[in-house]
Amino acid sequence: MMQTAGVPEARVARWSSALRSAGRRVTRQRLAVLAAVEQSPHATADDAATAVRAELPHITVQSVYVILADLTDISLLRRIQTPHSPARYETRVGDNHHHAICTGCGRIEDVDCAVGHAPCLSPDWSPGAHRMTIQIAEVVYQGLCDDCRSAAPSHQSSDIQE
């Protein structure tokens with residue numbers, strides 16, 4: 001059985017179709033990497049490699065890194081570069097969502113656009129700026145999650161803006 005255990009068949013079929021459309025072969029290794037990231041959103045490359053190697057013990061960590069880069073290049077994965085952390089990967093692609101990171105425990109949560117339809121894709125340009133067509137915006141919210149906030153007695157609820 002492939003590493004796709006726990007991933008709906010429809011998702012695997014969609015990945016397979018997308019791989020073929022991008023001119024890639026559908027391999028156990030590619031599907032295993034996609035499944036590992038699907039089952040652990042915001043996984044680091046090392047997290048993904050550990051999960052893949054549980055199913056495919058002979059795959060090298062370097063191979064997982066190469067597959068992650070390739071799947072990112074063909075937009076089956078999204079690479080997230082968060083502050084003070086190695087790159088992370090997710091299968092949620094094709095939308096303009098952002099991330100909230102807890103500065104206490106490091107938990108990362110997806111955050112949909114705050115206002116209207118992709119508001120951060122229409123920047124207010126500085127005078128003299130060389131304008132461009134924005135395709136994606138990377139917004140990172142940082143703060144304390146509810147668990148860390150309740151565990152930290154020095155943080156009063158009045159100090160936190162929600």
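Residues numbered from 1 in each chain as written. Predicted model: local features only at pLDDT ≥ 70, side-chain atom pairs only at ≥ 80, totals over all residues. Heavy atoms only, no water.

*Asks:* How do you make sense of the sheet that holds strand β2 (residues 78-80) when you look at a structure like this?
*Replies:* Backbone-to-backbone hydrogen bonds pair the strands of a sheet. The strands run either parallel or antiparallel. Taking strand neighbours across the sheet as the criterion, the three strands line up as β1-β3-β2 in an open arrangement whose pairing is antiparallel. With partners counted over all chains shown, the strands left at the sheet margins are β1 (43-44) and β2, one partner each. Both β1 and strand β3 (residues 88-90) contribute to a ladder of two bridges, which runs antiparallel. By the bridge assignment for β3, A43 is matched with Y89. (Pairing = 2+ DSSP bridges. Helix = DSSP H or I, 4+ residues; strand = E, 2+ residues; numbered from the N terminus.)

*Asks:* I'm lost on the pattern of salt bridges in this one. Help?
*Replies:* If the charged atoms of two oppositely charged side chains come close together, the side chains can form a pair. Counting across every chain of the model gives 10 salt bridges. Measuring nitrogen to oxygen at the nearest pair gives 2.7 Å for the salt bridge that ties E38 to R11. One end of the pair, E38, is in helix α2 (residues 28-39); the other, R11, is in helix α1 (residues 9-21), and 27 residues separate them in sequence. Given the relative accessible area of 23%, R11 is considered partly exposed. (Salt bridge = Lys/Arg side-chain N within 4 Å of Asp/Glu carboxyl O. Buried < 20%, exposed > 50% of the residue type's maximum accessible area, 1.4 Å probe, protein only.)

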